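# Structure assessment
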Number of protein chains: 2
Amino acid sequence: MTAEAPPGAFMRAEILEQPHTLAQLITQPPSAIAALTPKARAAQFAMLAARGSSDNASTFGKYLLESLVGIPTALAAPSLFTLYRRPPRLQGGWVIGVSQSGAAADVIAVLQEARSQGALTLAITNTEGSPITTAAEYAVLLGAGPERALAATKTVTAQCVAYALLTAAITEDAQLQRELHTVPESVRAVLAQAEAIEAAAYRWRHVQRVVVIGRGYPYAAAQEIALKLKETCYIGAEAYSAADFLHGPLAMIEPGYPVLVLLNHDAAGSMTAEFIARVLACGGDVLCFATHQARALLEGMPPGAGQLTVIAFEVPSAVLSAVAFIVAGQWLALTLALLKGRNPDQSRSVTKVTITQ
Amino acid sequence: MTAEAPPGAFMRAEILEQPHTLAQLITQPPSAIAALTPKARAAQFAMLAARGSSDNASTFGKYLLESLVGIPTALAAPSLFTLYRRPPRLQGGWVIGVSQSGAAADVIAVLQEARSQGALTLAITNTEGSPITTAAEYAVLLGAGPERALAATKTVTAQCVAYALLTAAITEDAQLQRELHTVPESVRAVLAQAEAIEAAAYRWRHVQRVVVIGRGYPYAAAQEIALKLKETCYIGAEAYSAADFLHGPLAMIEPGYPVLVLLNHDAAGSMTAEFIARVLACGGDVLCFATHQARALLEGMPPGAGQLTVIAFEVPSAVLSAVAFIVAGQWLALTLALLKGRNPDQSRSVTKVTITQ
């Protein structure tokens, strides 16, 4: 594609590449994963350092590491390392830095400090030879190929898969490993729903703000979709856990308020279905991305004063559904941006690589 | 006050009580703080469980514990304890649950699990005899008196002060202890600026969304102010670290976009001042709450296409400024809610005590 590519051409192409890029990563996992596994098992805690979309993938990583590996996992506050120079004690811990470009200065600073303290360090990046790969003891290269759209897509889902590969290796969970191999297929299942997502975007073409709700494993996907909507459509989009939303923000919902909900087929999904009923009772306009099995949770739900649209697809498992939700959100953001006359491959004021101290 | 109290009467009264409630907490710190200090020093990591405003106070706690105590600190994902029943390993850690009412079921579940695993457990609550006080081994009672407005105010600043008291006790930092004693005075300094805050609210009486920015120690205050604006004014308000905002959301800023910035007099403040210049260049309408000493960072700043309003006040230190910022934000939210014809003491759809599993 050249500079004269139509608006959104890069983002569209990169979204569509995902079944391929993820299949490659899953079938040929980077050797660093097996190499660091014994040390990772001995870590007392983990700390994840990232910004933007990589931070959202790391929230998914936190849920996997805490629930499946059992390791307490914090998200780093980089300013304590860079601006204040008062980092916490990290010896005995496992510190993971994630950066698509491999150039995020504050993420690199966290890894350097962790390594100097004797912590196990890992970089996850899409850019071979980037500074982050030498800052950490181990590096996982995502191999997703160059990402040219401003909005990160294929590198984010690859980061999520990298966290899942690490989790599967540490736990030796054969079921998780099998499920991982069906992730590319589930991305295809989402893309097969492109028309339904486009119709939903058309209905929302005039919205100026939207709330994105997830609970449990899909919470990270809600955060990533909200960021994608903001950076491509310039609309106010905020992600919440369904539980947090009931502590105050529910008061914002008035008739017609657009709410995107991610519905999983697990205990968090049941709670989220109850949340949908409350939003509908307030008159909310709910678009629900649901796993195929979760549709049953919505059967017989009274629409209240609101409106409910459901788009469902097959996923490997409730643990791994986040990748499919993220892809559905990418397509929604792409379509909505184009309907609003924006070019999601570019931005008014943001550059692809943001270096913050 | 009776049921016929004018709109916002409870919230106003509770905001104004803060110099008194905080002075009492600081001069008569709960005995649990000294009692658990030796055990807290031995903890390898900390995990903080809370929802809503208490979660924002806990973000402040994370920054204090990591930067001053040096202990890696995670915010808990309660769904892993309650819905998934796959909690992380917590032995050797220190788990703090925070709940104004002391009735938050998921926070209590985190404490119970942590205690059963042998972790050090602490509850921070305003409600004597509440379930959370027996779930944890230790309990810090805030003693702020009944909170009747829907929007939490005096209990949030008391939670922040409780984290600072814990930090000062563990580190035996005499300077921090001295600075803590000037917190009530700094709250009075903010309230002395009530008219300036009201004038800023009047200028923003028609806004439907606002971005709230902080970096470093005031980041938690930005989160709390955004929540307060949402639950009292029903407007879209989202908090960001200045660093995260540059990774994408900056694209949302168009001429006249309202941005509230918290400006500290430290390294994070210098970075935040550069951020303000970028927002002004995009035409943003910036309201800046600044510490007295931080005003110098804004001298000679070109307004660009935007507008800059600064309201400054004395604070004890850059570490403890968050309490003053939160109080300034409370007054902004109260005024804006009344200007918009809302009663911030009540809500359309949220109750004071929210119990989520």
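Quick look at the structure, then. None of the values given here were measured: they were computed from a predicted structure. (Residues numbered from 1 in each chain as written. Chains lettered and ligands numbered in written order. Predicted model: local features only at pLDDT ≥ 70, side-chain atom pairs only at ≥ 80, totals over all residues. Heavy atoms only, no water.)

Let's shift gears to the interface of chain B and chain A. Contacts between the two partners involve 71 residues from chain B, matched on the other side by 71 residues from chain A. Both sides of the chain B and chain A interface together cover about 5,700 Å² of buried area, and 54% of this is carbon and sulfur. Applying the counting criterion to the chain B and chain A interface returns two salt bridges. Among the ionic pairs, Glu238 of chain B bridges to Lys230 of chain A, the shortest N-O distance being 2.9 Å. At the surface where chain B touches chain A, the tally comes to 16 residue pairs in polar contact (both at pLDDT 80 or more). For the side of chain B that touches chain A, the element with the most residues is helix 4 (residues 52-69) of chain B, which contributes seven residues. (Contact = heavy atoms within 4.5 Å. Buried area = accessible area lost by both parts, 1.4 Å probe. Salt bridge = Lys/Arg side-chain N within 4 Å of Asp/Glu carboxyl O. Polar contact = N/O pair within 3.5 Å; in protein donor to acceptor, adjacent residues only side chain to side chain. Helix = DSSP H or I, 4+ residues; strand = E, 2+ residues; numbered from the N terminus.)

Residue and element names in this part refer to chain A. Where burial is concerned, most of strand 6 (residues 209-214) is hidden: six out of the six residues are buried. Handedness of the strand 6-helix 12 (residues 219-233)-strand 7 (residues 236-241) crossover: right-handed. Where strand 6 and strand 8 (residues 258-263) come together, three bridges link them in parallel fashion. For Ile213, the partnering residue across the bridge sits in strand 8 and is Val261. (Buried < 20%, exposed > 50% of the residue type's maximum accessible area, 1.4 Å probe, protein only. Right-handed = clockwise from strand over helix to strand, strands pointing away. Pairing = 2+ DSSP bridges.)

The next thing to look at is the sheet that holds strand 1 (residues 45-49) of chain B. All names here are of chain B. Spatial strand order, 2-1-3-4-5: five strands in an open sheet with parallel pairing. The open sheet terminates on both sides in strands that have one partner only, identified here as strand 2 (73-75) and strand 5 (138-141). Looking at each pair of strands side by side, their axes are set apart by 20° on average, direction ignored. Across six bridges, the pairing between strand 3 (residues 93-99) and strand 4 (residues 120-125) is parallel. Each bridged residue has a counterpart across the sheet, and for Val98 the counterpart in strand 4 is Ile124. Helix 3 (residues 31-42) contacts strand 3, strand 4 and strand 5 of the sheet and is inclined by roughly 140° relative to strand 5. (Axes fitted to C-alpha atoms, helices over the stretch in contact; angles between N-to-C directions.)

Another point: the sheet that holds strand 6 of chain A. Residue and element names in this part refer to chain A. Overall, parallel pairing links the five strands, which are arranged 7-6-8-9-10 in an open sheet. The two strands at the open ends of the sheet, each matched to only one other strand, are strand 7 and strand 10 (307-313). Within the sheet, the average angular offset between the axes of one strand and its neighbour, ignoring direction, is 20°. Across seven bridges, strand 9 (residues 285-291) lies against strand 10 in parallel orientation. If you follow Thr291 over to strand 10, its bridge partner there is Phe313.

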